[in-house]
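Per-entry structural report
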Amino acid sequence: MVAILAITPSLGFAQDATPGEEAAAGVQAILDNIWVLVAGILVFFMQAGFALVEAGLTRAKNVVNIFAKNMADAIIGILAFFGTGYALAFGNDPAADSVSKIAGSRGFALTGIGDIAEFGGSGYLNLSHTTFFFFQAVFAATAVTICSGALAERTKFISYLIFGAIMCAFIYPMVVHMAWGGGFIAQINIGDRAYSDFAGSGVVHMTGGIAALVGAFVVGPRKGKYAADGTPRAIPGHNIPFAILGVFILWVGWFGFNPGSELAADNLVGGIAINTLIAGAAGGFATTVVVWLKSGKPDLAMIGNGVLAGLVSITAPVGSVTPLMSIVIGAIGGIIVVFAVDFFDKVKIDDPVGAVSVHGVCGAWGVLSIGLFAKVDDAFLGANTPDGETWESSGLFYGGGIEQLIIQLLMVLIIVVFVGVCSFIVFSALKATIGLRVSDEEEVEGLDVPEHGLSGYPADVNYV
Amino acid sequence: MVAILAITPSLGFAQDATPGEEAAAGVQAILDNIWVLVAGILVFFMQAGFALVEAGLTRAKNVVNIFAKNMADAIIGILAFFGTGYALAFGNDPAADSVSKIAGSRGFALTGIGDIAEFGGSGYLNLSHTTFFFFQAVFAATAVTICSGALAERTKFISYLIFGAIMCAFIYPMVVHMAWGGGFIAQINIGDRAYSDFAGSGVVHMTGGIAALVGAFVVGPRKGKYAADGTPRAIPGHNIPFAILGVFILWVGWFGFNPGSELAADNLVGGIAINTLIAGAAGGFATTVVVWLKSGKPDLAMIGNGVLAGLVSITAPVGSVTPLMSIVIGAIGGIIVVFAVDFFDKVKIDDPVGAVSVHGVCGAWGVLSIGLFAKVDDAFLGANTPDGETWESSGLFYGGGIEQLIIQLLMVLIIVVFVGVCSFIVFSALKATIGLRVSDEEEVEGLDVPEHGLSGYPADVNYV
Amino acid sequence: MVAILAITPSLGFAQDATPGEEAAAGVQAILDNIWVLVAGILVFFMQAGFALVEAGLTRAKNVVNIFAKNMADAIIGILAFFGTGYALAFGNDPAADSVSKIAGSRGFALTGIGDIAEFGGSGYLNLSHTTFFFFQAVFAATAVTICSGALAERTKFISYLIFGAIMCAFIYPMVVHMAWGGGFIAQINIGDRAYSDFAGSGVVHMTGGIAALVGAFVVGPRKGKYAADGTPRAIPGHNIPFAILGVFILWVGWFGFNPGSELAADNLVGGIAINTLIAGAAGGFATTVVVWLKSGKPDLAMIGNGVLAGLVSITAPVGSVTPLMSIVIGAIGGIIVVFAVDFFDKVKIDDPVGAVSVHGVCGAWGVLSIGLFAKVDDAFLGANTPDGETWESSGLFYGGGIEQLIIQLLMVLIIVVFVGVCSFIVFSALKATIGLRVSDEEEVEGLDVPEHGLSGYPADVNYV
C-alpha cells in the first residue's frame, strides 16, 4: 500500500519531458512543500486553541496547571516524536519486501533517513522529509493534547508528562504506522477496498479520544462531580470567552489540518477547505438546535463543542464527500456530541471538557461516515494514498456496497483496542507507582499553587 | 463588465505555447488558488477578532451573548451563503446575453455550477469554484458580524439570528452581485470610467455598517445610555485587553482580506499588503493625536478603533494608490472615526463598539477616496476587474477629472439606500412580531443567564 | 558582500533558457514573494504575542498602558521604518563602488527606489521591494517591542513613544544595515569567513534586548521591587493565561520569522522550520528541568520564557545547524535564561518580563553558537547571503577553526556597543528633559487611569 518513492514531479510527465516541463515540475514540488508547511503552522496554532478551550471550561484555581499541560504537550510531543515517533510511524525500510505491520524502524532522531541525500524525499508525493516531519510532528502534539482535557483538575503534573511522552513517542506513532504508514490497517482489503481516513478522524482524534476515555476512567471523577446519590453535578468553567476564542482558533487551525493532509498543492485543496468550513458550521448549527430544544436555552459551551464535533467528524471523509454531504456528516456529529456528553456524565466518566465525546465518539463517526457517504469522482475530490494512487470508492448511500463500511468499522475497532489497551497499561502503571492523582487537599485548593507555585490570576502586589 | 471565463493561464500565452509554458501556467493556476485559500483562512480568523473587540468593549454581564452572536455569525453566515448567497452573488448564467442587475440565479447550495465539470472554474481568473466560494463565504460572515457590535447588550438572540441569516442569504449577496458580480453598480459608466471597490470598503464594510446603523436605530439605545436630559453617558467595556487583542487579530486578518482580493498570486500582492500595513498604522496614529489633543489622554479603545478605521478606509483604494497616499487615506479615516463616534452618540444612535463609525462612515470614505487619490500605473498597482481586465483610472488629485468621484458617490448612495431599506424592513418586521429587544429585567441583569443559561465568568464551584 | 541584483530567476538557467524554463522561473519568483509575504504576516502576528506576554506578566493596574505601548510599537514602528528606516537599512546606491558602513541613503518613504521601475526588485533574490519592505517592516516593529517589557509599569507613555520612534527610524535600521545591508559587520572578514546571523538573534533580538537593558537601567527599578536591604521581591503578573497564550502566538509567528528569512521558497525552508520547532521545545524542556530542580516546582511563567529563549537562540544558527544541534542550542538557551533572570534581579536591573535575558543574553548566545555548531552541507541546509551566494562554514564542533567564532564575537560586541551607546543617549536625554518615569503616585495607582483615562477591567456600570 505504501511505496517509498523518489521525489517525482506531481505533474506526471513522461521521461521525454522538455526542460520547461521539468522546471515547472520543480516549482510545483516547492509549492507543495511550502503549502504543507503553512498548513502545519496552522495545525501548530491549534495548541493555543486546545489550551484555551480546556482552560475556559474548567475552574480558575487550575488554570496554570492546564496551560502548563498544554505547553508541555507541545514541548514533549515534539521532542518525543523527533526522538522515536517519526521513525516508528514512517521509518519503513526501502530494502524490505514488505512494510512492518506495527512500527517502522528507521530514522530515529531524523538520522539516516532515505537512500539519497540527508533530508531527501519523504516518499510522500513531493514532500521532503523536513516538511513531512514538521507536518506530522504537529499532528502528534495535537493527538496528545486531546487527552489533556479529560484528565483536567485532578491529575498529577509529572504523571501527565510521562503519559504524554509515551503517547507521542510510541502509542500514537504506531497507530499512524498502522494506517498512514502502510501497516496493519492499511493492509486490510475486502475486494478492491481499503481503509480511508483522510486527515485523521480515527488516526488522530479517536486515538486521542480513546486515551482520554481510559485516562478519565482510571483517574476517576473530580471530587464533588457526583452527589451522594450518584447524580452528576455541573461544574461550570471559569471563562467562556477563552473557550470560544479557543474554538475559533481550532477552526482556523483545521484549515491546515484537513487541506494540508492532501500533502500537495493541487486542485482538490479548495474543496477540502470548503467541506471543513461547512461541516464545522453544520455541527455548530445542529448542536444549537438540539440543546435549545432539549434545555430551552442555547448553551454556548455546548455549541462550541458542536462546532468541534462537526470538524472532527469531517476530518476522515473530507476528501471524498460532497459539500452537501459535509453538512449531513457535520450535523450528525453535532447531534451525537450532545447525547455523548450526557452519556459519559451518567456512566461516571468525568470528562470536564467533553474531549471523549468530541474527539473519541465523533472521531469514530467520521471514520464510519465514509462507508455511508463517500462519493469519489475524479472531476471533483479524490483521496490520496501515501503512494499517490487515487483511492476510489463510494459509500452505501451512493450504491457502493457494504465492504467499505466493514473496513471502516474494523479500523475503528483496531484503534479502540490498541489505544485502549496501551493507554490502560500506562495509566494503571502510573497509578500503581508514582500515582496519577493529586491529594484531596490539592484538588480542593486547586492544582496551581501546590503543583506550580503560582496562581493564574494573582491580585496586584504593592509593597509600598 | 463581468465575463464568465474559462480557466486560463494568467501568464497570457498565445495558442502556440510550448508544453513547458503550459506546465508553468498550470503551476501558476494552482499557486493562485493556494494563495487565495490562505488569504481566506486569514479572513476567517477575523471572526475571532470581531468577537474579542465587541466583548472587550461591552459589559461582563453580556459576554456570553456576544460570543454566541459572533459564533452564530460564522455558523449561520456560512450556511446561508452556501445555500443561497453564493448563487445570488455570482451565479450568472453564461448563456444569457447580459448579467442580471440585482442577483444571480444559478448554483444554489453549490449544485450545478459551471458548464464544464463540477467545481470547475469560477470565472474569476484562475480560481476554482471551491477556492472562490471559500473566499467569498468568509467575506459574507464578516459582513454580518459587523452589525453585531451595534446591537450589543439589548438584542434578543433569536431575532439577531434571523437577521443574520437574512443578511447572509439575501441582502449582502445582492450587494455583492451589484458590484463584484457585474450587476447594477458595475454597469454604471461615465465616459470610460466604472466603479472601483477593490476589497470591499463599500461592498462589505459599508454594507455591514449601514445595517448596523439601522439596527441600532430600530432597537433603540441601551437603558441608562442617556441621562434624563439626553446627555450620553459612558458605559465602559469590561476587558480592554480583549478589545486590543481583537484589533491585532483583525489587522492580521486584513492581510488576507485585501491582498487576497487580488484573486491571484502576482506582483501586485506585495504592494497591496504594504498599503494595508501602512494605512492601519496611519489610522491609529491619527486617532492617537486627535484624541490626545481633544481629551488630554490617549484613549486606547479609541486608538484601536482608529487602526480599524484606517484599515476599512484603505480597503477600497488599496489596489490603486501609492503607499504615501495610503497614509493620507488611513489618517483621514482615523480622524473621521473620532468625530463620527461623537456624532452618533449625540444623535442617540447607541453603538456600543463604534461599528457604524468604523465600518459605515469610514467604508464610505474609502469608496470615495478612490475618486480623489487613485493613481494606477501599470508598473506598480492595478485593480483587477472580475474579467481580468486592468482597470485604469486616476482621481482628482492626479488630474483625473470628476467622473470617477461621481461614480464612487453613486455607489455609496446605492448601497446606503438598498441596505438601509432592506435592513429596515427586516428589523422592523422582527420588532413587530417576535420582538427585537430583551425585557428591561433581562437587560439590567445581563443577557447571559436569561438568554443562554450560563454566565461568562462563573466563580469556582466546590461541592466539598 | 551585498549586490543589487536585477530580479533573476532563482533556478539559475543560462541565457539560452527555453520559453518554458523562463515561464517556470517567473512562477518561482511569484511563489518566493507570496511565501515571504505569508511569513511576514506571521511575524506581524507576533505583536499580539508580545503584548499578551508582557500584559500577563505584569499587574492589572497597568494593563491598558502595556497594550497601548504594544499597539504603538506596531503603529509607530511601521511609520518610522517606512519614513526612514528602510532607506537607512537597505538603501544602497547601486552607482557607488562600495556599500556605506553605517547606513543607506536612498528610498526614504519608499520613493525613488531602484533603477528599473517603481517597486522593482529589492536586490534580495527574487523579492520585490514591496514584499521585502513588508517583511523588514514587521521585523522592525518586533525589535522595538522587545524593549517594552523591560520598561513596563513605570515609564511615561510619551517618552516610550519617542524612544520607539527613534529606535525604528534610526537605531535598529543602522544595525540592520551593518549586517544584512552589507555594512560594517558584513565587511569583516577573517580568512574566508564572514559573519552569519540568519534571521536575527543578534540583529533583531539582541538589539532589542540591549536597548531593553539600557532602558531598564536608566529608568530604574519599580517601587517596591527591592526591599530596604536590597533583596529582590517577586511581583507576580496578573494573568498567566495571557502570558502563555502569548508564548504560543510568538512560537507560531517564529515560523514566519525564521523560515521567511530564507527570503525564498526553496528546499531549505522546511529544515529551517523544524529547527525552529525543535529548538523552542528544547528550550522549554531545559527550563522546566532546571527550574524544577532549582525551586522544586515547574514555574510556568519561566517555562514560557524558556520556550522563547530556545527560539531566540536558534534564530541565528537556524539555517546552518542540524536538528540535533538545534536541540543542544535551544536547551542551552533554556538553561541560560533561568540564571540570567536571577542575575539581573540581583544586580538591580528590574526587567518585569525577562526581556533582557530572553532576547539580549540568548540573542548573543545564538550568534555565538554558529561559531561552535554550524555545519553547512549543500545537500542539507545552507545560509543565504543577500547576494544569493551560499555561505559555507563550520563551527569548532565540526573542526572549523576559531575564525568563525571570533567574527561572531565581534558582531556581538559591535551591536552591544552601538545599541548600548545610542539607546543610553536617547534614554538619558529623555530623562533629562521630559522625564522617563511617571510620578510615584501614578506608579502606585497604576498607569492606566492617569496616563490613558481608562482601566483595563472596569466593573459593569448600570445607570438604572
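These notes cover the structure that comes with them. (Residues numbered from 1 in each chain as written. Chains lettered and ligands numbered in written order. Predicted model: local features only at pLDDT ≥ 70, side-chain atom pairs only at ≥ 80, totals over all residues. Heavy atoms only, no water.)

Quick look at the overall build of chain A now. Broken down by element type, chain A carries 13 helices and two strands. Its C-alpha radius of gyration of 22 Å places chain A within 12% of the 23 Å reference for a compact globule of 464 residues. C-alpha extents for chain A along the principal axes are approximately 75 × 50 × 45 Å. Counting the 464 residues in chain A, one finds 69% classified as buried. In chain A, once contacts between residues fewer than 6 apart in sequence are set aside, the share between residues at least 24 apart is 79%. With the model as given, the accessible surface of chain A reaches about 13000 Å², and the carbon-plus-sulfur share is 64%. Of the charged side chains in chain A, 19 are positive and 35 negative; the average position of the first set lies 17 Å away from that of the second. (Helix = DSSP H or I, 4+ residues; strand = E, 2+ residues; numbered from the N terminus. Rg over C-alpha atoms; globule rule 2.2 N^0.38 Å. Buried < 20%, exposed > 50% of the residue type's maximum accessible area, 1.4 Å probe, protein only. Contact = heavy atoms within 4.5 Å. Areas by Shrake-Rupley, 256 points an atom, 1.4 Å probe, with all protein chains shown as cover. Lys, Arg positive; Asp, Glu negative; His and termini not counted. Charge placed at Lys NZ, Arg CZ, Asp CG, Glu CD.)

This paragraph deals with unusual backbone geometry. Residue L263 of chain A is not a glycine yet carries a positive backbone phi of 60 degrees. Considering the arrangement of structural elements, one finds L263 of chain A in the loop between α6 (240-260) and α7 (269-295).

Turning our eyes to something else, we now look at the side chain of N70 of chain A. Among the secondary structure elements, N70 of chain A is positioned in helix α2 (residues 63-90). Among the polar contacts made by the side chain of N70 of chain A, one reaches the side chain of E54 of chain A at a distance of 3.1 Å. Contact partners of N70 of chain A, with chain neighbours within four places excluded, come to Q47, F50, A51, E54, T145 and S148 of chain A together with F248 of chain C. (Polar contact = N/O pair within 3.5 Å; in protein donor to acceptor, adjacent residues only side chain to side chain.)

Let's shift gears to the interface of chain B and chain A. Each side of the interface is counted separately: chain B has 59 residues, and chain A has 66 residues. Of the roughly 5100 Å² buried between chain B and chain A, counting both surfaces, carbon and sulfur atoms make up 82%. Our count for the contact surface shared by chain B and chain A stands at zero salt bridges. Contributions of two or more residues to the side of chain B that touches chain A are made by α1 (19-56), α2 (63-90), α3 (129-150), α4 (157-179), α6 (240-260) and α13 (448-452) of chain B. With 17 residues, the top contributor of residues to the side of chain B that touches chain A is α1 of chain B. Broken down by class, the residue content of the side of chain B that touches chain A amounts to 45 nonpolar, eleven polar and three charged. (Buried area = accessible area lost by both parts, 1.4 Å probe. Salt bridge = Lys/Arg side-chain N within 4 Å of Asp/Glu carboxyl O. Nonpolar A, V, L, I, M, F, W, Y, C, P; charged D, E, K, R; others polar.)

Least-squares fitting of chain B to chain A yields an RMSD of 0.0 Å, with the superposition described by an axial translation of 0.0 Å and a rotation of 120 degrees. Here the symmetry operator amounts to a three-fold rotation axis. Relative to the rotation axis, the closest C-alpha in chain B is found at G20 of chain B, a distance of 2.3 Å. Interface overlap between copies is the fraction of interface residues in one copy that are interface residues in the other; for chain B against chain A it is only 14%, indicating separate surfaces. (Least-squares fit on C-alpha atoms with pLDDT ≥ 70 in both.)

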